[in-house]
Amino acid sequence: MSIGKKTRNIGHIVEGKAKETTGRALGNKSMQRRGKAEQALGKMRQAVEKGKDTFRQH
């Protein structure tokens, strides 16, 4: 996995966590959901990249 993609994916996870936490603190359910969705997106992309790396190595 390229460093740029890994960093971007981790950024999505961190940003999503921040949105979720902010939404929880403000009582904003919509922001919480967007944060969780962004975290899921980052984790999914991270898994896809790891799968690609595994495939390339074998």
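Small disclaimer: the values here were computed from a predicted structure and weren't measured. (Residues numbered from 1 in each chain as written. Predicted model: local features only at pLDDT ≥ 70, side-chain atom pairs only at ≥ 80, totals over all residues. Heavy atoms only, no water.)

A.B. asks: So what exactly am I meant to see when it comes to the overall build of the chain here?
C.D. replies: The helix and strand tally for the chain stands at two helices and zero strands. Against the 2.2 N^0.38 benchmark of 10 Å for 58 residues, the chain shows a C-alpha radius of gyration of 14 Å, more extended than a compact globule. C-alpha atoms of the chain, sized along the principal axes, occupy 50 × 15 × 10 Å. Relative to its 58 residues, the chain shows a buried fraction of 22%. Contacts in the chain between residues far apart in sequence, at least 24 positions, make up 49% of those at least 6 positions apart. As displayed, the chain has an accessible area near 4,200 Å², and 60% of this comes from carbon and sulfur atoms. Taken together, the 15 basic and 5 acidic charged side chains of the chain have centroids lying 4 Å from each other. (Helix = DSSP H or I, 4+ residues; strand = E, 2+ residues; numbered from the N terminus. Rg over C-alpha atoms; globule rule 2.2 N^0.38 Å. Buried < 20%, exposed > 50% of the residue type's maximum accessible area, 1.4 Å probe, protein only. Contact = heavy atoms within 4.5 Å. Areas by Shrake-Rupley, 256 points an atom, 1.4 Å probe, with all protein chains shown as cover. Lys, Arg positive; Asp, Glu negative; His and termini not counted. Charge placed at Lys NZ, Arg CZ, Asp CG, Glu CD.)

A.B. asks: Would you explain the packing of helix H1 (residues 3-26) against helix H2 (residues 29-57) in this entry?
C.D. replies: Packed helices, taken two at a time, are described by their axes: the angle between them and the distance between them. At their nearest, the axes of H1 and H2 sit 7 Å apart, and the two run at 160° to each other. Overall, the two elements H1 and H2 adopt an arrangement that is roughly antiparallel. The two elements H1 and H2 meet at a crossing, and its hand is left-handed. The class makeup of the residues in the contact of H1 with H2 is four nonpolar, ten polar and twelve charged. (Axes fitted to C-alpha atoms, helices over the stretch in contact; angles between N-to-C directions. Parallel < 35°, antiparallel > 145°, perpendicular 65-115°, else oblique. Left-handed = near helix turned anticlockwise from the far one by under 90°. Nonpolar A, V, L, I, M, F, W, Y, C, P; charged D, E, K, R; others polar.)

Shape is all these values report; function is a separate question.
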